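Summary of the model geometry
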Amino acid sequence: MMQSEEQLEVQNVQFALWKLLVPIAFVCFLVGAFCSQLNIELYQHMNPFYDSIDYHHLMHAAVVETQTNGIVSGVQLVWNSGSTVLMPFLIGILVGVFAEPSRLIGVWIQMIYLFAFLGCLSWYLQRFQKTSLSTAGLVCFAFLACDCLYGANGGLSDFRVDLMLCLSFGCTAILMLAAMEKPSRTIYALVGVAATVTCLSRATAPVYLLVALGPIALWTLLRGIERSRHLQGQLIAALVTVLGTGWFFFLKFDRLYYYYVVWNTDANADLSISESIKHFEFAGRSIGENFALLLMIWLIAISIYTVRSLPKLPLWETLRGMGPSFVAMVWIGVSPVLFLVLRGAGNNPFVSMPAIVGMSVATLLLLAKTIESIGSKSLGRIATASLVFALASAAADGWEEHQPSGVNEMASLKQMVDTMVKDCRANGVGQINYSVTQVTSVCAGSVYSVATFDHDGFRKIDGQLECDGMAFQRKNTFDVAAEATWDEVAGETESEKIGTLISECEREIDYLVMPDEKTAAYIQQHYAFNVINRYQPNIREHLLANGWVAISEPIQANENETVIVYRSAKLSTKIANKLRTDDRQLH
């Protein structure tokens, strides 16, 4: 039986897709290896980033629990942790069956997301935009020139969920563009699957999906072409998404509501448009100078060839040929940022990341298809050479960003940990209950992260971090960053609330990292956006008056902060009493 032209076309696309997926997989492996090295380079000298600390801690705990008690136990630990994120940890648990717990697990989880996005993009370009294999490869690999992929904070070498939201949102958006072109039930079902992964990767994802893809879905219905098929498909996509994520949002509703509506400072910032307009700048930074330079070179080269081919205007003809799909891509790029601006969202530079999908794909595809339509081999060589240059430049910038500059913050954190361990060991204390009064790059979480990942003497046993048999307990007494958390501290006045924290500290904490007098004033002035930092001089004064004893020399934590490790008067008295008892027994 002879095959139809459409069947032959599908087979050809599938064959070409496999030919491109293999190079994409290989390149993703190379990027993963490079970003793993960036991670190693960074944490030889840098504090762990505040926003990724808890993700790393939970991943470490889940992997250790999985290796000790099995996958089900690991999943239960993640679920009961109160995390607002699920999917990355489920992947991490599976990876952890074969890999030791380390910060690198987060890097390779993100590589899975990157491969999925580039795979979806290559399929869409060849199947629906009818690009050649080389043009699809040009667009896919050009996306890797985006600066945000190589950032020390928030990039592939880090582990925070903003980039995973961006990439999974990108998969969903690309599949939606495909469904817009061909309203297949299968494609719409895949939209639902991708939306499910996106929502389980970041609980704010439904907002981005509704804002970006909702108007596209409505437009496909209003224009009337194959309306019933689009409606059926959209209902299937919605059903798959609800079934895949509804249980999560239902069971986690209280926690999600508190985190995103009550506690989250960025969501409740309520900035003016003149302030929140900065989100467009953040989106531009995520794309970066290397990507912009690549587009400029392509555009200049196209312009030169256009002058030679007048009166034809290849760029305009390509734009007309793309039609509604180009408009949809632009909307996917603009709408997330527009929503953040109109919402008055706080100036968090990472929440605008999903915008890079539409912005980058729209511009890349327009220029790459134009280059293809011109059909000049020399123009193709220019495009390829400039792409190689942009990728090399982006990688070099990323490498530079991960190199040391100034104070070795990692060494400073290790010194804090070693000071507590040494004092504890010397005085026969079996448990280190510690905290940090400030919330800057130095905080209780960063100290715990260094002990977990970067200190050879520590091991996690039965869910407890230990060093030479001494338990290492992190106390979050002073981890009060948001106004909502401050409101929950007992007391009517600021003095009463500080008194509550001081009392809890005296009761539960034995070792404390505090800023020196100059640093306390500096933190109060420059880091007041975290509530507890507004009271550093006051807290320091109260604790020193209560007899806390310095057990370290001043430690320069970074360019602007110097801290000292203290032991509580309660523990000092306990140690003194033990020494007197031991002395009496000897005599």
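Described below are features of the structure shown in this document.

**Quick word on helix 17 (residues 377-401)**
Between its first and last C-alpha, helix 17 extends 36 Å over 25 residues, near the 36 Å set by a 1.5 Å rise per residue. Within helix 17, burial applies to Leu-379, Ala-383, Ser-386, Leu-387, Ala-390, Ser-393, Ala-394 and Gly-398.

**Section: the packing of helix 8 (residues 185-201) against helix 9 (residues 205-222)**
As a packed pair, helix 8 and helix 9 sit with axes 10 Å apart at the nearest point and diverge in direction by 160°. When the interaxial angle is binned, helix 8 and helix 9 end up roughly antiparallel. Of the two possible hands of crossing, helix 8 and helix 9 adopt the one that is right-handed. Residues Tyr-188, Ala-195, Thr-198 and Cys-199 of helix 8 touch helix 9, and the partners they reach there are Ala-205, Pro-206, Leu-209 and Thr-220. Among the residues forming the contact of helix 8 with helix 9, the class breakdown is six nonpolar, two polar and no charged.

**With respect to the state of the cysteines**
In a disulfide, the sulfur atoms of two cysteines are covalently bonded to one another. Tallied over the full model, the rule gives zero disulfides. Cys-120 supplies the cysteine sulfur nearest to Cys-171, a cysteine that is in no disulfide, at a spacing of 4.0 Å. The cysteine Cys-467 is free of any disulfide, with Cys-424 supplying the nearest cysteine sulfur at 9.0 Å. For Cys-467, a relative accessible area of 3% gives the class buried.

**Observations regarding the packing of helix 15 (residues 324-343) against helix 16 (residues 355-374)**
Two elements in contact, helix 15 and helix 16, have axes separated by 6 Å at closest approach and are oriented at 150°. One element, helix 15, and the other, helix 16, form an angle in the roughly antiparallel class. In terms of crossing hand, the pair formed by helix 15 and helix 16 is left-handed. For the pair formed by helix 15 and helix 16, the contact residues are Phe-326, Met-329, Val-330, Ile-332, Gly-333, Pro-336 and Val-337 on the first element and Ala-355, Gly-358, Met-359, Val-361, Ala-362, Leu-365 and Leu-366 on the second.

**Describing the packing of aromatic side chains**
Here the structure, examined in full by the defined rule, presents 22 aromatic pairs. On the numbers, 6.0 Å between centres and 80° between planes, the contact of Trp-247 with Phe-248 is edge-to-face. Of the residues examined, Trp-247 reaches a relative accessible area of 38% and is grouped as partly exposed. Here Phe-248 falls in the buried class, since its relative accessible area comes to 0%. Ring-pair connections join several aromatic residues into one group, and the members of that group are Trp-79, Trp-247, Phe-248 and Phe-249. In this arrangement the basic side chain of Arg-160 is found over the ring face of Phe-350, its NZ or CZ atom lying 3.9 Å from the centre. A cation over a ring is seen here: Lys-252 above Trp-79, with NZ or CZ 4.5 Å from the ring centre.

The rules behind these values
Residues numbered from 1 in each chain as written. Predicted model: local features only at pLDDT ≥ 70, side-chain atom pairs only at ≥ 80, totals over all residues. Heavy atoms only, no water. Helix = DSSP H or I, 4+ residues; strand = E, 2+ residues; numbered from the N terminus. Expected span 1.5 Å × (residues − 1). Buried < 20%, exposed > 50% of the residue type's maximum accessible area, 1.4 Å probe, protein only. Axes fitted to C-alpha atoms, helices over the stretch in contact; angles between N-to-C directions. Parallel < 35°, antiparallel > 145°, perpendicular 65-115°, else oblique. Left-handed = near helix turned anticlockwise from the far one by under 90°. Contact = heavy atoms within 4.5 Å. Nonpolar A, V, L, I, M, F, W, Y, C, P; charged D, E, K, R; others polar. Disulfide = S-S within 2.5 Å. Phe/Tyr/Trp six-rings, centres within 6.5 Å; stacked < 30°, edge-to-face > 60°. Lys NZ or Arg CZ within 6 Å of the ring centre and 35° of its normal.

The analysis is restricted to geometry; functional conclusions fall outside its scope.
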